[in-house]
Amino acid sequence: MKDPLRIAIIGQSNFAADVLELLLERQYNIVGVFTIPNKGSREDILATTAARYNIPVFKFATWRRKGVAIPEVLEQYKSVQANLNVLPYCSQFIPMEVIDGAALGSICYHPSILPRHRGASAISWTLIEGDEVAGFSIFWADDGLDTGPILLQKQVNVEAYDTLDTLYKRFLYPEGIKSMAEAVDLVAKEKAPRITQTEVGATYDPAMFKEENQRVDLNQTAKRIWNFIRGLDSVPGALATVLHEDGSEEHIRLFGAHLYSDVRVQEGKTLRLKGLKNLAYIHERGLLMEGTDGALVNVKRIKKGSKMINACDWFNLSQAPQITDFSEDELVKKEVLRNIWLSILKCPIESETDFFAAGAGSMDVVRLVEECKDAFDVPLENEHVFMAPVFEEFFGEVVKSLRQGSSGSSAKVHFDGFVLKANKKEISIPTQLFINGEFVEAENRRTLDIINPTNEEVLCKVACASRNDVDKAAAAAHKAFYGPWRQVSARQRGQLMMKLADLMEQHKEELATIESVDSGAVYTLALKTHIGMSIDAWRYFAGWCDKIQGNTIPVNPARPNNVLTFTKKEPLGVVGLITPWNYPLMMLSWKMAACIAAGNTCLIKPAQTCPLTALKFAELTVKAGFPAGVINIVTGKGSEAGQAILEQPLIRKLGFTGSTEVGKSVMRCCAESNLKKCSLELGGKSPLVIFADCDFEKAVKHGMSSVFFNKGENCIAAGRIFVEDSIHDEFVRRVVKDIRSMAIGDPLNRSTAHGPQNHRAHFEKLIEFCELGVKEGATLVYGGHAVPNTKGYFFLPTVFTNVEDHMYIAQEESFGPIMVISKFHGSDVESVMRRANRSEYGLASGVFTGDISKALCFADTIEAGTVFVNVYNKTDVAAPFGGFKQSGFGKDLGQEALNEYLKTKCVTIEY
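Residues numbered from 1 in each chain as written. Predicted model: local features only at pLDDT ≥ 70, side-chain atom pairs only at ≥ 80, totals over all residues. Heavy atoms only, no water.

Per an unreviewed UniProt entry, the protein chain goes by the name 10-formyltetrahydrofolate dehydrogenase and belongs to Stomoxys calcitrans. The protein chain has a UniProt comment under Catalytic activity (unreviewed entry) that states "(6R)-10-formyltetrahydrofolate + NADP(+) + H2O = (6S)-5,6,7,8-tetrahydrofolate + CO2 + NADPH + H(+)". (UniProt positions renumbered as here; feature names shortened; annotations may be inferred.)

Colleague: I'd like a description of the overall build of the protein chain, backed by residues and values.
Modeller: A count of helical and extended segments in the protein chain gives 26 helices and 40 strands. When the 911 residues of the protein chain are sorted by exposure, 55% land in the buried category. The contacts in the protein chain between residues at least 6 apart in sequence include a share of 70% that link residues at least 24 apart. One way to put it: in the protein chain the 101 positive side-chain charges average out to a point 0 Å from where the 111 negative ones average out. (Helix = DSSP H or I, 4+ residues; strand = E, 2+ residues; numbered from the N terminus. Buried < 20%, exposed > 50% of the residue type's maximum accessible area, 1.4 Å probe, protein only. Contact = heavy atoms within 4.5 Å. Lys, Arg positive; Asp, Glu negative; His and termini not counted. Charge placed at Lys NZ, Arg CZ, Asp CG, Glu CD.)

Colleague: Please set out the UniProt feature "active site" (unreviewed entry) in the protein chain residue by residue, giving values where relevant.
Modeller: When the UniProt feature table is mapped to this numbering, "active site" (unreviewed entry) covers His110, Glu681 and Cys715. An extended arrangement is adopted by the annotated residues: their sequence extent is 606 residues, and the largest C-alpha distance between any two is 73.1 Å. By the secondary structure assignment, Glu681 is in strand S29 (residues 677–681). If sequence neighbours within four positions are ignored, Glu681 has contacts with Met587, Phe656, Thr657, Gly658, Cys715, Leu843, Phe881, Ser887 and Asp892.

Colleague: How would you summarise the domain arrangement of the protein chain if you had to cite specific residues and measurements?
Modeller: Domain annotation of the protein chain identifies domain 1 (6–189), domain 2 (211–313), domain 3 (328–404), domain 4 (417–681) and domain 5 (687–882). One C-alpha centre belongs to domain 2, the other to domain 4; they are set 38 Å apart. (Domains from an automatic or database assignment.)

Colleague: How would you sum up the environment of Glu159? Please name residues and give values.
Modeller: As for its position among the elements, Glu159 is in the loop between strand S9 (150–157) and helix H6 (164–188). Sequence-wise, Glu159 and Glu132 are 27 residues apart; in three dimensions their C-alpha atoms are separated by 7.9 Å. Those residues in contact with Glu159 that lie beyond four places of it in its chain are Arg170 and Arg230.

Colleague: Kindly report on the UniProt feature "binding site: (6R)-10-formyltetrahydrofolate" (unreviewed entry) in the protein chain, identifying the contributing residues and their values.
Modeller: According to UniProt, the "binding site: (6R)-10-formyltetrahydrofolate" (unreviewed entry) feature falls on Gln92, Phe93, Ile94 and Asp146. In terms of the greatest pairwise C-alpha distance, the residues named above, spread along 55 residues, form a tight cluster of at most 13.6 Å across. Tracing the sequence through the fold places Gln92 in the loop between strand S6 (84–87) and helix H4 (96–99). Residues within four places of Gln92 in sequence aside, it is in contact with Thr35, Ile36, Phe60, Ala61, Thr62 and Trp63. A polar atom in the side chain of Gln92 sits 3.3 Å from the backbone oxygen of Ala61. Tracing the backbone through its elements, the reader meets Phe93 in the loop between S6 and H4. A relative accessible area of 55% places Phe93 in the exposed class. Residues within four places of Phe93 in sequence aside, it is in contact with Trp63 and Arg64. (Polar contact = N/O pair within 3.5 Å; in protein donor to acceptor, adjacent residues only side chain to side chain.)

Colleague: Requested: an account of empty space enclosed by the protein, with residues and values cited.
Modeller: This model, assessed by the stated rule, comprises three cavities of 30 Å³ or more. Computed from the structure, the largest cavity encloses a volume of approximately 90 Å³. Around the largest cavity, the lining comprises 14 residues; the ones closest to its centre are Ala717, Ala718, Gly719, Ser814 and Phe815. Those elements that provide at least two residues to the lining of the largest cavity are strand S31 (718–724) and strand S34 (818–824). For the lining of the largest cavity, a count of residues per class yields six nonpolar, six polar and two charged. (1 Å grid on protein atoms, 1.4 Å probe; cavity = no way out; pocket = protein on both sides within 12 Å on 5 of 7 lines; lining within 4 Å. Points joined across faces, edges and corners; volume = space filled by probe spheres on them. Nonpolar A, V, L, I, M, F, W, Y, C, P; charged D, E, K, R; others polar.)

Colleague: How would you explain a nonpolar patch on the surface if you had to name every residue and give the values?
Modeller: A contiguous nonpolar patch, built from Leu564, Ile909 and Tyr911 and spanning about 300 Å² of accessible area, is present on the exposed surface. Here Leu564 shows up in strand S24 (residues 563–571). (Patch = residues over 30% accessible without salt bridge, like charges linked within 9 Å, V, L, I, M, F, W, Y side chains within 5 Å. Areas by Shrake-Rupley, 256 points an atom, 1.4 Å probe, with all protein chains shown as cover. Salt bridge = Lys/Arg side-chain N within 4 Å of Asp/Glu carboxyl O.)

Colleague: Describe the pairing of S24, naming the residues involved and giving the relevant values.
Modeller: Where a strand is regular, its side chains alternate between the two sheet faces. For strand S23 (residues 552–553) and S24, the ladder comprises two bridges, and the chain directions are antiparallel. The residue bridging Thr552 from the neighbouring strand is Phe566, located in S24. In this structure, S24 lies alongside strand S40 (residues 902–910), joined through nine bridges in antiparallel fashion. Bridging from a neighbouring strand, Thr567 pairs with Cys906 of S40. (Pairing = 2+ DSSP bridges.)

Colleague: Can you explain the sheet that holds S23? Please cite residues and give values.
Modeller: The sheet built from three strands is open, its strands ordered S23-S24-S40 with antiparallel pairing. Edge positions in the sheet fall to S23 and S40, since each has one partner strand and no second.

Colleague: Tell me what's going on with the pattern of salt bridges, and back it up with residues and numbers.
Modeller: What the rule picks out here adds up to 48 salt bridges. Several salt bridges converge on common partners, so that one network encompasses Asp502, Glu505, Lys508 and Arg539.

Colleague: Pulling in residues and values, what's your account of the pairing of strand S18 (residues 425–430)?
Modeller: Note that strand S17 (residues 417–422) and S18 share six bridges and pair antiparallel. The residue of S18 that forms the bridge with Val419 is Ser428.

Colleague: Hey, could you go over the side chain of Arg253 for me, with residue numbers and the actual values?
Modeller: Checked against the element boundaries, Arg253 lands in strand S11 (residues 249–260). For Arg253, a relative accessible area of 15% translates into the label buried. A distance of 2.7 Å separates the side chain of Arg253 from the backbone oxygen of Gly237, its partner in a polar contact. Once residues lying within four places of it in the same chain are set aside, the contact partners of Arg253 are Glu211, Gln214, Pro236, Gly237, Ala238, Leu239, Arg301, Ile302 and Lys303.

Colleague: Let's hear about the side chain of Asp185: which residues, and what values?
Modeller: Along the chain, Asp185 turns up in helix H6. Among the residues examined, Asp185 registers a relative accessible area of 18% and is labelled buried. There is a polar contact of 2.4 Å between the side chain of Asp185 and the side chain of Tyr28. Setting aside chain neighbours within four positions, we find Asp185 in contact with Arg26 and Tyr28.

Colleague: Could you give an account of the sheet that holds strand S36 (residues 844–848), with specific residues and numbers?
Modeller: As summarised here, the arrangement of the seven strands in space is S32-S33-S34-S31-S30-S36-S37, forming an open sheet in which the pairing is mixed. Only two strands of the sheet have a single neighbouring strand rather than two, namely strand S32 (779–782) and strand S37 (866–869). Recorded for the sheet is a direction-independent mean angle of 20 degrees between the axes of neighbouring strands. Of the pairings in the sheet, the one linking strand S30 (residues 686–690) to S31 comprises five bridges and is parallel in character. In the sheet register, Leu688 faces S31, and the bridge partner there is Ile721. Packing against the sheet, helix H21 (residues 725–740) makes contact with S30, S31, S32, strand S33 (798–801) and S34, and its axis sits at approximately 165 degrees to S34. (Axes fitted to C-alpha atoms, helices over the stretch in contact; angles between N-to-C directions.)

Colleague: Break down unusual backbone geometry for me, citing the residues and quoting the values.
Modeller: Here Leu114 and Pro115 are connected by a cis peptide whose omega angle stands at 15 degrees. Locating Pro115 in the fold gives a position in the loop between strand S7 (106–110) and helix H5 (122–128). The omega torsion across Val235 and Pro236 is 0 degrees, close enough to zero to call that bond cis. Note that Pro236 resides in the loop between helix H7 (222–231) and strand S10 (238–243). One non-glycine residue, Lys711, lies in the positive phi region at around 65 degrees. Even without glycine at this site, Lys885 takes up a positive phi of about 50 degrees. Note on placement: Lys885 falls in strand S38 (residues 884–885).

Colleague: Hey, could you go over the environment of Gln895 for me, with residue numbers and the actual values?
Modeller: With respect to the element layout, Gln895 can be found in helix H26 (residues 894–899). In this structure, the C-alpha to C-alpha distance between Gln895 and Gly663, residues 232 residues apart in sequence, is 24 Å. With residues near it in sequence (within four places) discarded, Gln895 still touches Tyr540 and Trp544.

Below, the structure written as structure tokens:
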């Protein structure tokens, strides 16, 4: 080109600013920028960008007066001596004196394939008319409306998911910027074509910034309704009118529409819309409308006034909780957020400032979201701004996201309950069901008595869940899984779990006190193991959240093509958990921590006799910031609430700990309901073999612990001890001696070593177990009955010897403080190992010996999920735990536990 380009940029917006920067990168000379005046103190981004590069900026409210170009405006334009005008996006009418004032002319960007969709709302009409192809044109401006010769055009297929926003963001904006630079390149090389537009197929479409054009006609086919709504999504939104029962009308705007092909909604509340022949339905996935062709359109979001809501929440707005109690750190972040709004809007930011009413546009939404992500590390989306455009509301959304991450919440949780006065403490404990983030009464306000096992008195009444209550909890978990829980990243999930563990640590003495009073656990043991290991489990699995991953797999491709095959580990969905009464909070934590780490939601039924730590735990989950519905707790009877969980079709996985007999029924129900995946930790009759070559003192100590730990209410308790004959008598003598010195009594007393059994039915079962042992001929050396003259379910630690393999007490689990001892001869090692395996159970086992070969031989031979060597009860949250044979299958704890709550998806891509 003989003369270098001298370019004037005329327009506004981020699009124009990005075109400016790209042209500068390509070393073009931009001699002036002409844009709109400031809105208050808010300058258009094009002006700001130009000023940063010291380019002259001119701001005109209008270029003409009464149809005539304003002389002083023309003079300022001419002063830059531009020979090419570039109009990336311009909302003003530019006079022909300017259009033709540049020697090379003026090139304009238009977001349609001209001559179709001439006018200001081309993108909208591309979608409204159901065009299969969208695109843009860069043309030479003339005195007509988008009628000038074409310089270049580019197009893209319109996808079913496209809206005005997506089409603009994925193609029209990024490709448009590059093509504007490409067009300038062609001009510079004198290769820019001028292709005359045809009038065949030309359309002139109404401007959609006029409200009368924004109203959706609901008296047409579903496809045309859908196209109209997506053509105005997300600005300004299709306008509709709700006809209320009292005769009043309410204008709303519709967003997030799609053609609905799912099962027709049979239930739901109805809404009457002006112009719609049939009633619309509000259901769990939105607002459902029927077109004149009988097909359906579903709308996900509705704008009421300035507030965007999920359409499914139309009738629940008054129930939506508002955050009002902010921490000091959150209030500091509020001022940071205020400054972000100020930098975008350039006006004072008050609590009631509306982002859009203050002049923000769609690109300002993107900027706000990205700046908030950088400042607060929260997973916000554009939708959050539309849903909460007022400053105070948006701050609430930011706080919700923060509390679902690392910040947590000190919010007071509302519930009905009672105050436990024990252990020099006053502890408020909920007694209601915990469903969808709230404590609620059971159906018909049914309750169960909770008995204190220490004094046999009623401690409190708790809600007794019905099948309907379980259904509500499952529905809440299902909604959370497909809703807010999916918005929480894996790393945030770990942060939530860590926050929960920290809260459990802060309240560990309260939790241990509740556990002692509710279940009879000795306080010191409850503090160290029941609560301590619960906290450890949440922290351990929190670390796994962002380390769950699949693999890439080398497979044989069909040549000449290549194949990429990889696996993904995904959560199962809603998980049902049923836990026992021996370690109430620990069993909850072992299962739930792995379940939540894997990304599932859950509902749990804790043991009927001791649910109080689970309910206190529920309160802490709210304070930790877990979204409503992720964790639900239904207290009640196994025969009702438990059975309802087994049969609930929304539940995809069942984790159960309990007896083998019940476990068989659980597995059968899981199969018959909806083929639930299940993991079962069932009964045990764990053998402990003590050889004469062992460390005798250690064997006595651990032998006692293997049976009497936690009052014998221990799934891996040594149900049968085999002692080599040469040390048998001394072993028995030492055990009895140590039992006699064991402090039995109030579990809250720090010196107590042995507390009451959990509940009366179990207490009476232990008495029957001992009576049967005596009847069959075993020698009762000590105990076998209740502690004399003592109120409560206190059972004496018991020792049986001369127990033969065929006896009931040698084969079945007592689940109590009953030591069952059998002799073996030291010369017959193989025989004792066969006897140890002669059981349908295989949960745990142990051996004490000084011979490593003997120990390893035992570990190889024994059929049990856990093998202890010269130790017992040594479990750790990182070590997998679970049984063989009729002790069940599946693992709690360790990395393997995650697999119980995950599914593997295989993806194969040919390229």
